[in-house]
Structure formats: structure tokens, C-alpha cells
Amino acid sequence: MKDAIHRFFDRLWYGDGMVFGFLLWPLGWLVRFITVRKRNQFLDQRRESVRLNVPVIVVGNITVGGTGKTPLVVWLVQQLQQRGYRPGIVSRGYGGRPPHFPYLIQSADVASVAGDEPLMLARRTGVPVVIDPRRANAAQALLDQTDCDIIISDDGLQHYALGRSYEIVVLDGSRGIGNGRLLPAGPLREPVQRLHSVDAVVVNGEPRHSSFQGSALTHRFTMTLAPVQLRSILDDQPVPASQCTDRQWIAVAGIGNPQRFFDTLQAMDLVFEPRSFPDHHAYSLADFAGLDQASVLTTEKDAVKLRTLGINGTYLAVEARIQPELIDVILASLERFKHRPHYRY
């Protein structure tokens with residue numbers, strides 16, 4: 001049932017579901033009213049944001065679904081570390097059930113406790129990651145429990161209770177803003193005009209979607225996700241190239257846009273049978289009944305869940321390659337913050 005709903009809205013937002021989109025259009029205007037009013041309340045300081053004494057960078061999106069935020073967060077952490085910063089990450093922790101909030105992710109945690117994306121970020125970057133649906137609480141806990149001097153929020157663009165000094169929005173180049181409507185008639189969480197108020201818009205992949213045509217965004221940067229290595233799900237060890245070719249893979253993806261993963265595998269000339277699941281899918285052994293586990297090939301985000309199940313398969317590690325000017329403008333903003341702290345909310 002959940003899979004069917006996912007396919008329905010995917011077609012509605014990015015395909016040809018015009019009739020249903022028209023029927024849901026009034027609800028989209030209601031969402032517009034609510035989201036604009038909420039943001040204006042924080043802008044006018046009728047509602048207060050938590051402002052910390054360190055810079056906060058929010059990496060988010062204005063659309064529902066995966067756009068490539070997590071690889072960008074990894075890239076940003078690495079770039080900041082190379083320049084002497086001590087970053088920490090906060091996240092909602094979707095799908096995780098920790099013993100309490102806020103919760104500092106531990107090395108022995110599993111996805112059912114920490115959530116798939118936060119756990120992947122903690123393992124990939126090695127920096128402290130704190131989860132809490134109230135990101136302001138997560139950020140304060142990060143400062144209380146670690147020595148980080150800059151905070152990166154994985155998602156949370158619309159979570160205005162956490163004051164921020166820099167905002168980055170990630171868009172999928174092949175999907176753009178979809179049909180341009182707000183939820184539930186379209187994929188937008190906020191009106192498209194929100195893109196003009198953020199500090200940077202990063203487009204993941206070639207901007208093929210029609211919504212990019214004639215775009216006047218002067219603060220737009222490009223990003224591509226490059227495959228790095230195939231690794232074992234169980235122990236993260238590299239898989240020899242000799243074991244990757246001339247075999248039939250079962251490509252499993254439970255991410256926001258599985259097709260992006262399948263397109264990458266196709267570009268690598270791998271032979272595979274695609275199997276997509278909803279984003280943040282809670283896998284069980286029943287999903288792999290009758291399959292040759294050694295032939296399972298999945299994403300790094302899915303791998304943290306499949307490891308718990310003992311799936312003896314492989315995952316594809318990717319890295320974000322981003323227009324280098326982006327880190328330059330971020331560093332310039334951080335330098336200004338040192339002399340005069342500024343917050344958007």
C-alpha cells in the first residue's frame with residue numbers, strides 16, 4: 001500500500017497526473033498560506049529562534065524526497081575540516097528510535113535507533129552527530145557535549161526555531177521543482193520564491209528539468225555524484241573489480257529518487273535488475289526472500305540497514321563533486337560571522 005501511494009504521488013508531482021493535481025490545488029494554497037505565515041513570524045521576530053554562539057549552516061530543500069543533501073553535508077564537513085574547523089551535525093533522525101532526545105549517535109548504534117541518514121553521516125564523517133526532532137535542542141546538546149565550533153543541519157530548512165547564518169538548498173537536476181505546486185498537489189514544501197532568499201542553490205546533476213530554463217538564480221552551483229568504490233555491506237571492505245563485472249546484480253534502493261542510483265549503475269556498465277522501495281524503507285528479510293544476497297547492490301544509505309539484517313551484499317560509495325566557488329563564499333560568510341555574528345532568523 002505504501003509503495004502504491006509513493007508511486008501515485010511520484011507520478012502526480014513529476015509526471016502527468018494533471019487531473020488529481022487540479023483537485024488538490026486548493027490544499028496547496030492552504031499550505032502556501034501556512035508556510036509563508038510561519039516564516040514571516042520568525043522574520044518579524046514574533047516567534048523567536050534559538051541563536052547559538054557558533055555559525056549554523058542549514059543544508060535543506062524546498063521539495064519532498066531525496067535531492068542529494070547528505071553527500072553535500074559529507075563534502076562540507078570535509079572542506080571545513082581541511083580548513084581547521086571542528087564541525088558537528090544535527091538531524092531530525094527520521095526512522096530512528098533512540099532512548100531519549102537529544103541523542104548523540106554512538107559507534108555501535110544501528111539504523112533503527114539512530115535513523116539511516118544520521119548513522120551514515122556519523123560513520124562516513126567521523127564527526128559528532130546529534131538527533132532530535134527539535135533541531136535547536138540537538139544543536140545545543142552538540143555544543144554541550146562536544147568541542148565543535150560550527151554546526152551543520154542535515155535538512156531543517158523549514159525548522160526556523162533553529163537560527164542559522166547560512167542556508168543551502170539542494171535541487172535534483174532531473175526533477176527540479178516538479179510541477180511547481182505546493183503539497184499535496186506538488187512536491188514543494190515552500191513557494192518556489194524561497195529559492196531567492198537562500199544563500200546558495202546547489203543543483204545535483206545536469207539541470208535538465210524545464211523549471212531550470214530561464215532561471216535567474218545568481219547564486220546557483222553545480223554538483224555531481226561520482227561513484228567511488230564498491231564495498232561490502234558487512235565490513236565496508238572494497239570489493240575487487242574482478243567481482244563486479246560479468247554478473248547480474250539486484251540493485252536495491254530505498255531513497256528519495258531511486259532512478260538516480262539506477263542511472264549511475266547503468267553509466268558504470270553494470271548489469272542489474274532494479275528494485276525500488278520508498279524512502280527510509282524499513283527492510284526486513286522478507287524483502288530478500290529467494291534472492292542471492294551476494295548479488296545485492298545497494299546505496300550507502302540503505303547499507304546501514306541491510307548490515308543489521310546480515311545481508312551479505314555490496315554497496316556503492318559515492319562522493320559529491322561541487323563547484324569549488326561554493327566553499328569560497330561559505331568561508332567568506334564564516335569570516336564575517338567571526339567579526340559580526342549574523343542570523344537569518
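In this report, we go over the structure that sits alongside the text. Being a predicted model, the structure only gives us computed values, none of them experimental.

### Re the side chain of S165
Alright, step 1. Relative to the helices and strands, S165 resides in the loop between strand 5 (150-154) and strand 6 (166-172).
Alright, step 2. Classification of S165 by relative accessible area gives buried; the value is 4%.
Alright, step 3. Those residues within four positions of S165 in sequence are excluded, and the remaining contacts are P55, V56, D199, S333, F337 and H342.

### Description of the sheet that holds strand 11 (residues 296-299)
Alright, step 1. The mixed open sheet is built from 12 strands, whose spatial order is 3-4-2-5-1-6-7-8-12-11-9-10. In the strand order of this sheet, the two ends are held by strand 3 (103-104) and strand 10 (271-276), each with one partner.
Alright, step 2. Where helix 6 (residues 135-145) meets the sheet, it contacts strand 2 (87-91), strand 3, strand 4 (129-131) and strand 5, and its direction lies at approximately 150 degrees from that of strand 2.

### Some words on unusual backbone geometry
For residues other than glycine, phi is negative in most cases, and the peptide bonds are mostly trans.
Alright, step 1. Residue F101 is joined to P102 through a cis peptide bond whose omega torsion reads -10 degrees.
Alright, step 2. Of note, P102 is situated in the loop between strand 2 and strand 3.
Alright, step 3. In this structure, P184 follows L183 across a cis peptide bond, with omega equal to -5 degrees.
Alright, step 4. Look at Q45: it is not a glycine, yet its phi comes out positive at around 60 degrees.
Alright, step 5. Among the residues examined, Q45 registers a relative accessible area of 56% and is labelled exposed.
Alright, step 6. Even without a glycine there, the phi angle at D269 is positive, about 65 degrees.
Alright, step 7. The topology assignment puts D269 in the loop between helix 7 (258-267) and strand 10.
Alright, step 8. D269 sits in the exposed class, given a relative accessible area of 67%.

### What about helix 7?
Alright, step 1. Residues of helix 7 that are buried include every one of P258, R260, F261, F262, T264 and L265, and no others.
Alright, step 2. The first or second residue beyond helix 7 is D269, which carries a positive phi of 65 degrees.

### A look at the packing of aromatic side chains
Alright, step 1. If you walk through the whole model with that rule in mind, you get 8 aromatic pairs.
Alright, step 2. Ring geometry for F337 against Y343: centres 5.8 Å apart, planes inclined by 85 degrees, an arrangement best described as edge-to-face.
Alright, step 3. By relative accessible area, which is 23% here, Y343 ends up partly exposed.
Alright, step 4. An aromatic cluster is defined as three or more aromatic residues linked by ring pairs; in this entry it consists of F42, Y160 and Y345.
Alright, step 5. Looking at R32, its charged tip hangs above the ring of W29, at a distance of 4.7 Å from the centre.

### Re a nonpolar patch on the surface
Alright, step 1. There is a patch of nonpolar side chains on the surface, built from L27, L30, F33 and I34 and spanning about 380 Å² of accessible area.
Alright, step 2. For L30, the position within the fold is in helix 2 (residues 18-43).
Alright, step 3. Since its relative accessible area comes to 46%, L30 is described here as partly exposed.

### Quick word on the packing of helix 5 (residues 116-125) against helix 8 (residues 300-309)
Alright, step 1. Two elements in contact, helix 5 and helix 8, have axes whose closest approach is 9 Å; the angle formed by their N-to-C orientations is 100 degrees. One way to sum up the angle between helix 5 and helix 8 is to call them roughly perpendicular. In contact with D116, E117, L119, M120, R123 and R124 of helix 5, helix 8 contributes E300, K301, V304, K305 and R307.
Alright, step 2. Grouping the constituent residues of the contact of helix 5 with helix 8 by class yields 3 nonpolar, no polar and 8 charged.

What counts, and at which threshold
- Residues numbered from 1 in each chain as written.
- Predicted model: local features only at pLDDT ≥ 70, side-chain atom pairs only at ≥ 80, totals over all residues.
- Heavy atoms only, no water.
- Helix = DSSP H or I, 4+ residues; strand = E, 2+ residues; numbered from the N terminus.
- Buried < 20%, exposed > 50% of the residue type's maximum accessible area, 1.4 Å probe, protein only.
- Contact = heavy atoms within 4.5 Å.
- Pairing = 2+ DSSP bridges.
- Axes fitted to C-alpha atoms, helices over the stretch in contact; angles between N-to-C directions.
- Phe/Tyr/Trp six-rings, centres within 6.5 Å; stacked < 30°, edge-to-face > 60°.
- Lys NZ or Arg CZ within 6 Å of the ring centre and 35° of its normal.
- Patch = residues over 30% accessible without salt bridge, like charges linked within 9 Å, V, L, I, M, F, W, Y side chains within 5 Å.
- Areas by Shrake-Rupley, 256 points an atom, 1.4 Å probe, with all protein chains shown as cover.
- Salt bridge = Lys/Arg side-chain N within 4 Å of Asp/Glu carboxyl O.
- Parallel < 35°, antiparallel > 145°, perpendicular 65-115°, else oblique.
- Nonpolar A, V, L, I, M, F, W, Y, C, P; charged D, E, K, R; others polar.

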